[in-house]
Amino acid sequence: MESREDLNSILPYLPLVMRSSTLFWPSQVVEALKAMARGPLHSRVDSGELLFLAISDLRHSLSLSNHHFAPSFPQGYALFFDELMSREESTKWFEEVVPALADLLLRFPSLLQTHYQTADIAHINGVNTGLRLLRSQEPGIVFLSQELIGALLGCSFFCLFPVTNRGVEHLPTINFDQLFASLYDNYNNKQENKIRCIIHYFERIFSHMPIGFVSFERKVLPLEHLPQCISYPKAEFWSNSVIPLCCFEVQNSGLIEDQSSEALEVDFANKFIGGGALHRGCVQEEIRFMINPELIAGMLFLPSMADNEAIEIIGAERFSSYTGYASSFHFTGDYVDKKDVDCFGRRKTRIIAIDALCSPRMRQYKQECLLREINKAFCGFFAPSKYQQYKRLFPENGCSRAQLDQNIEDPIGRSRSNLLSHDNASTSDESTEEKSVNQVIRNYEEKGCESLGLEDNNIGIVTGNWGCGAFGGDPELKTIIQWLAASQALRPFISYYTFGLDELQKLDQVIRWILSQKWTVGELWNMLVEYSYQKYKGQTDVGFFTWLLPSLFGHDAEMLDLPNTS
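Under the annotation held in an unreviewed UniProt entry, the chain carries the name poly(ADP-ribose) glycohydrolase and is attributed to Castanea mollissima.

This is the structure:
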């Protein structure tokens with residue numbers, strides 16, 4: 001174990017000790033966890049105040065006493081567990097959940113050792129899937145069992161992860177001290193309900209431990225040309241593209257996470273994945289991390305994203321239902337995730353984290369910023385497993401429109417599928433983690449899943465007002481940028497949730513008109529660049545849709561003939 005590069009990269013950020021190829025807790029931690037595992041009669045941990053004292057003892061045993069934590073952390077635990085929780089909820093938490101959580105943490109070292117052993121056995125396509133630091137500019141993937149994720153989040157709850165050197169590696173927050181401290185420092189309903197989502201997650205997994213897997217992948221568009229990779233595109237790449245626009249579906253109601261089709265769901269991410277999930281944040285990304293708490297595990301080992309990177313997470317289970325947004329966010333109870341699983345044991349929930357420019361104001365109309373945003377989206381939307389198909393379309397000596405037309409028909413006909421391969425999936429249904437790991441390996445060997453992404457030609461993009469809202473982006477600009485990126489990535493469709501935004505009230509009409517023109521990606525990109533130049537220079541003060549289609553927004557809008565392309 002000592003020679004493992006993957007383990008050695010993450011070990012400084014774990015609370016475990018390694019000696020003689022064995023991972024273990026210090027003896028004082030083992031005794032404290034054993035006492036908690038026997039219940040409050042033995043551990044005396046039956047309140048938020050006493051829980052904090054137990055956590056302090058664990059941290060002292062791990063020599064973490066000098067590691068900074070939020071000053072109001074103890075008051076936050078006391079407030080939630082002793083005042084905000086009902087007596088019935090509190091009794092269940094301390095008599096059932098805390099002992100089960102302590103027991104899971106006792107098994108954490110063995111779970112992690114099993115993880116590395118099975119990662120060696122299950123080297124898929126020669127790719128290392130072991131837990132490690134997935135550093136910036138280093139594409140890679142990590143596979144974690146849901147049980148191991150439960151143990152990692154247990155460490156977060158007890159604030160056991162060392163934090164001293166996390167800033168050096170540009171790693172986000174991972175312990176829960178800020179989450180609880182924020183509840184006490186400035187109480188609000190949304191913070192309480194964020195915590196209720198996390199508490200519900202622990203209650204659920206200890207009533208029935210899930211046996212699936214979740215993968216976390218850093219995707220990179222290399223800045224220089226590398227074999228078997230799509231490199232970071234320049235402006236000419238977009239300007240000259242002859243790829244037709246994919247289908248565009250406008251959704252004026254509903255939520256991204258509630259969509260039922262198999263698609264890549266966009267996380268409007270912070271460059272530090274998770275954003276303010278473990279602080280006070282409560283918008284799109286943070287809410288997703290609360291209702292799918294397994295996403296939080298990625299915050300342990302995924303440093304911040306650069307402009308040419310995205311993070312894809314497949315398999316995170318949803319545990320909570322909710323209503324509201326931001327200050328009105330409210331946990332409403334249990335959610336049973338009925339998504340199928342693939343041959344790697346992952347739920348078919350695909351989430352792509354892409355971070356937009358923050359507060360770009362007028363500079364968002366400069367070509368370098370347009371290029372940054374479209375390449376960021378393209379990095380997230382492009383499936384590396386489809387490189388060979390993509391290479392056929394874009395050989396180094398160029399590709400004519402006639403050549404493309406042989407392979408890609410008009411998007412209204414939805415005939416892109418001949419470019420892409422199909423993957424079959426099956427469900428693993430074993431009762432223990434080890435058996436489920438072995439079943440995943442058998443499924444891979446027997447069914448020949450082609451890639452870790454496990455994507456077929458039916459996987460589109462589900463998104464919305466990425467980079468708008470708190471980030472201050474132009475929603476008309478961001479809509480078109482995402483459409484162009486999805487089309488260039490050969491996605492069959494983009495499903496766009498407008499969330500009732502006023503600027504997008506006529507989006508469906510604009511899209512239908514654009515599709516009726518049968519423009520290519522390059523043609524629409526050039527229109528966007530021209531508009532943005534005029535906007536930046538002060539030559540126009542209208543939005544892109546009005547600039548492109550003034551008759552739709554003028555007095556004679558009713559005279560405009562808009563074909564029905566749906």
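Participant: Describe the overall build of the chain, listing the residues and the values that go with them.
Facilitator: Along the backbone of the chain there are 21 helices and twelve strands. A total of 566 residues make up the chain; the buried ones form 59% of that total. Across the chain, contacts joining residues at least 24 apart in sequence account for 77% of those joining residues at least 6 apart. When the accessible surface of the chain is totalled, it reaches about 22,800 Å², and 48% of it is carbon and sulfur.

Participant: Tell me about the nonpolar core, and name the residues and values.
Facilitator: Soluble globular proteins tend to pack their nonpolar side chains together in the buried interior. Core analysis: the biggest nonpolar cluster contains 98 residues, and Trp25, Phe81, Trp93, Phe157, Phe202 and Phe301 have the highest contact counts within it. For this core, the leading source of residues is helix 6 (residues 87–106), giving eight residues. Contact partners of phenylalanine 202, with chain neighbours within four places excluded, come to Trp93, Val97, Leu101, Gly150, Leu153, Gly154, Phe157 and Phe176. Counting 66 residues, the second largest nonpolar core, distinct from the first, contains Ile230, Cys247, Val266 and Phe268.

Participant: Can you explain the pattern of salt bridges? Please cite residues and give values.
Facilitator: All chains considered together, the criterion is met by 26 salt bridges. One salt bridge connects arginine 107 with aspartate 103, and the closest N-O pair in it is separated by 3.7 Å. Among the residues examined, arginine 107 registers a relative accessible area of 30% and is labelled partly exposed. Relative accessible area serves as the criterion here: at 37%, aspartate 103 is assigned to the partly exposed category. Where lysine 376 meets aspartate 355, a salt bridge forms, and the shortest distance between an N and an O atom there is 2.6 Å. With lysine 376 in helix 13 (residues 367–381) and aspartate 355 in strand 10 (residues 350–355), the pair connects residues that are 21 residues apart, well separated along the chain. This pair shows no difference in class: lysine 376 is buried, exactly as aspartate 355 is.

Participant: Now, about the pairing of strand 9 (residues 330–334): what can you tell me, with residues and values included?
Facilitator: Here strand 8 (residues 320–323) runs beside strand 9; their pairing, made up of four bridges, is antiparallel. Bridging across to strand 9, tyrosine 322 finds its partner in phenylalanine 331. Linking strand 8 to strand 9, which pair antiparallel, is a turn of six residues; within it glycine 324 sits at a positive phi near 85°.

Participant: Hey, could you go over the side chain of aspartate 6 for me, with residue numbers and the actual values?
Facilitator: Here aspartate 6 lies in helix 1 (residues 5–10). Those residues in contact with aspartate 6 that lie beyond four places of it in its chain are Tyr116, Asn128, Gly130, Leu131 and Arg132.

Participant: Please give an account of the packing of aromatic side chains that cites residues and values.
Facilitator: Scanning all chains against the criterion turns up 39 aromatic pairs. Ring geometry for phenylalanine 80 versus phenylalanine 180: centroids 6.2 Å apart, planes at 85°, classification edge-to-face. Within this pair, whereas phenylalanine 80 is found in helix 5 (residues 73–84), its partner phenylalanine 180 is found in helix 9 (residues 177–185), the two being separated by 100 residues in sequence. No difference in accessibility class separates phenylalanine 80 from phenylalanine 180, as the two residues are buried.

Participant: Lay out the UniProt feature "active site" (unreviewed entry) in the chain in plain terms, naming residues and giving numbers.
Facilitator: According to UniProt, the positions carrying the feature "active site" (unreviewed entry) are Asp267, Glu285 and Glu286. Across 20 residues, the annotated set stays spatially compact, with a maximum C-alpha separation of 9.3 Å. Here glutamate 285 shows up in helix 12 (residues 284–291). Contact partners of glutamate 285, with chain neighbours within four places excluded, come to Asp267, Phe268, Ala269, Asn270, Ile273, Gly274 and Gly275. Separated by 2.9 Å, the side chain of glutamate 285 and the backbone nitrogen of asparagine 270 make a polar contact. Topologically, glutamate 286 is positioned in helix 12. The exposure class of glutamate 286 is buried, given its relative accessible area of 8%. Filtering out sequence-adjacent residues up to four positions away, glutamate 286 remains in contact with Gly274, Gly275, Gly276, Ala277 and Gly281.

Participant: How would you sum up the environment of glutamine 284? Please name residues and give values.
Facilitator: If you trace the backbone, glutamine 284 turns up in helix 12. You can call glutamine 284 buried: its relative accessible area is 17%. Spatially, the C-alpha atom of glutamine 284 lies 8.3 Å from that of alanine 326, the residues being 42 residues apart in sequence. Every residue in contact with glutamine 284, bar those within four places of it in the chain, is listed here: Ile256, Val266, Asp267, Phe268 and Tyr325.

Participant: Which residues make up the sheet that holds strand 11 (residues 460–463), and what values go with them?
Facilitator: With respect to topology, eight strands assemble into an open sheet ordered 3-4-7-10-6-11-12-5, the strand pairing being mixed. Every interior strand has two partners, whereas the edge strands, strand 3 (140–145) and strand 5 (247–251), have only one. Here the strands of the sheet are splayed against their neighbours by 20° on average, with no regard to which way each runs. Pairing geometry for strand 11 and strand 12 (residues 493–497), over three bridges, is parallel. Following the sheet pairing, valine 462 is matched in strand 12 by serine 495. Most of the contacts of helix 13 go to strand 10, to which it runs at about 160°, and overall it touches strand 4 (213–220), strand 6 (263–269), strand 7 (309–314), strand 10 and strand 11.

Participant: Before we move on, could you go through the side chain of glutamate 309 and cite the residues and values that matter?
Facilitator: Mapped onto the secondary structure, glutamate 309 falls in strand 7. In terms of polar contacts, glutamate 309 uses its side chain to reach the side chain of serine 136, at 3.2 Å. If near-sequence neighbours (up to four positions away) are discounted, glutamate 309 is found in contact with Ser136, Gln137, Glu138, Arg218, Lys219, Val220, Ser304, Asp355, Lys376 and Cys379.

Participant: Please give an account of the packing of helix 6 against helix 8 (residues 146–157) that cites residues and values.
Facilitator: Packing of helix 6 against helix 8 brings their axes to within 9 Å, and their N-to-C directions diverge by 110°. The angle between the axes of helix 6 and helix 8 places the two elements in the roughly perpendicular class. As for how helix 6 packs across helix 8, the hand of that crossing is left-handed. Contacts between helix 6 and helix 8 involve Trp93, Leu101, Leu104 and Leu105 from the former and Glu147, Gly150, Ala151, Gly154, Cys155 and Phe157 from the latter.

Participant: Would you mind going over the environment of valine 142 in detail, with residue names and values included?
Facilitator: With respect to the helices, strands and loops of the structure, valine 142 is situated in strand 3. Residues valine 142 and valine 214 lie 72 residues apart in sequence; the distance between their C-alpha atoms is 8.3 Å. Residues within four places of valine 142 in sequence aside, it is in contact with Thr129, Gly130, Leu131, Arg132, Leu134, Val214, Ser215, Phe216 and Phe301.

Participant: I'd like a description of helix 7 (residues 108–121), backed by residues and values.
Facilitator: With 14 residues, helix 7 extends 20 Å from end C-alpha to end C-alpha; this agrees with the ideal 20 Å at 1.5 Å per step. For helix 7, every residue scored as buried is listed here: Phe108, Pro109, Leu111, Leu112, Gln113, His115, Tyr116, Thr118 and Ala119.

What counts, and where the lines are drawn
- Residue numbers here run from 1 along each chain, matching the order of that chain's written sequence.
- Whole-chain, interface and lining totals are the exception, using all residues; otherwise, since this is a predicted model, local features are given only for residues with pLDDT of at least 70 and side-chain atom pairs are given and counted only at 80 or more.
- Hydrogen atoms and water are omitted, and side-chain values are computed over all heavy atoms in the structure.
- Strands are runs of DSSP state E lasting at least two residues, helices are runs of H or I lasting at least four, and both sets are numbered from the N terminus onward.
- Think of it in three bands: residues with accessible area under 20% of the maximum for their type are buried, residues over 50% are exposed, and the middle band is partly exposed, with areas taken using a 1.4 Å probe on protein chains only.
- Contact definition: two residues touch when any of their heavy atoms are within 4.5 Å.
- All accessible areas in this document rest on Shrake-Rupley with a 1.4 Å probe, and a residue is counted as covered only by the protein chains that are shown.
- By nonpolar core is meant a set of buried Ala, Val, Leu, Ile, Met, Phe, Trp, Tyr and Cys residues that side-chain atoms within 4.5 Å join together.
- The salt bridge definition used is simple: a Lys or Arg side-chain nitrogen within 4 Å of an Asp or Glu carboxyl oxygen.
- Between any two strands, at least two bridges found by DSSP are needed for them to pair.
- Stacked, edge-to-face and tilted labels apply to pairs of Phe, Tyr and Trp rings (six-membered ring for Trp) whose centres lie within 6.5 Å, assigned for plane angles under 30 degrees, over 60, and everything in between, in that order.
- UniProt positions are given in the numbering used here, feature names are shortened, and annotations may be inferred rather than shown by experiment.
- Polar contact is the term for a pair of N or O atoms within 3.5 Å; when the atoms are in protein, one must be able to donate a hydrogen and the other to accept it, and sequence-neighboring residues count only if both atoms are side-chain atoms.
- Structural elements are reduced to axes, namely lines fitted to C-alpha atoms, with helices fitted over the stretch in contact, and the angle between N-to-C directions of any two is expressed from 0 to 180 degrees.
- Angle categories: roughly parallel below 35 degrees, roughly antiparallel above 145, roughly perpendicular from 65 to 115, and oblique for all the rest.
- If you view the pair so one helix is near and one far, a crossing is left-handed when the near helix is turned anticlockwise from the far one by less than a right angle, and right-handed when it is turned clockwise.
- Here the expected span of a helix is defined as 1.5 Å times the quantity of residues minus one.

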